[in-house]
Amino acid sequence: MNFIIWIVVGGILGWIASMIMRTDAQQGMLLNVVVGIIGALLGGWLLAPLFGTGTINQNDFSVGSLLVSLLGAVILLAIVNLFRRGTPR
């Protein structure tokens, strides 16, 4: 059951991050889930130690962990946009 919640929350976070970065029209539902989960891993690796919180990948569903995971997904999309277009958006 925890895996299903992880997929759903990752998809929602990936979708919100794609709307923030204006790449929602280029991505489908599956890519939103992938961006949300990998963004949470990236956020957990880079940002969680700075803010002293966990991520959704660590079964921590607090507001801080959701924000760290969302910020990680936004950073991931910015990196992808940098390599795709040559400039971040």
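The structure this text deals with has already been given above.
Notes on the structure follow. Treat the numbers as computed from the prediction; the structure is a model and nothing was measured.

This paragraph deals with the packing of helix H1 (residues 2-20) against helix H2 (residues 29-46). At their nearest, the axes of H1 and H2 sit 6 Å apart, and the two run at 95° to each other. As far as their axial angle goes, H2 and H1 are roughly perpendicular. In this structure, H1 uses Trp6, Ile7, Gly10, Gly11, Gly14, Trp15 and Ser18 to contact H2, whose residues at the interface are Asn32, Val33, Val35, Gly36 and Ile37. Split into classes, the residues belonging to the contact of H1 with H2 amount to six nonpolar, six polar and no charged.

With that out of the way, let us pick up the packing of H1 against helix H4 (residues 63-85). Following both chains from N to C, one finds H1 and H4 inclined at 50°, their axes separated by 9 Å at the closest point. Put simply, H1 runs oblique to H4. With respect to the hand of their crossing, H1 and H4 are arranged in right-handed fashion. Of the residues in H4, those touching H1 at Val9, Leu13, Ile16, Ala17, Ser18 and Ile20 are Leu66, Ser69, Leu70, Ala73, Val74 and Leu77. Here the residues of the contact of H1 with H4 sort into ten nonpolar, two polar and no charged.

Analysis parameters
Residues numbered from 1 in each chain as written. Predicted model: local features only at pLDDT ≥ 70, side-chain atom pairs only at ≥ 80, totals over all residues. Heavy atoms only, no water. Axes fitted to C-alpha atoms, helices over the stretch in contact; angles between N-to-C directions. Helix = DSSP H or I, 4+ residues; strand = E, 2+ residues; numbered from the N terminus. Parallel < 35°, antiparallel > 145°, perpendicular 65-115°, else oblique. Contact = heavy atoms within 4.5 Å. Nonpolar A, V, L, I, M, F, W, Y, C, P; charged D, E, K, R; others polar. Left-handed = near helix turned anticlockwise from the far one by under 90°.

As far as function goes, none of this settles anything; it's purely spatial.
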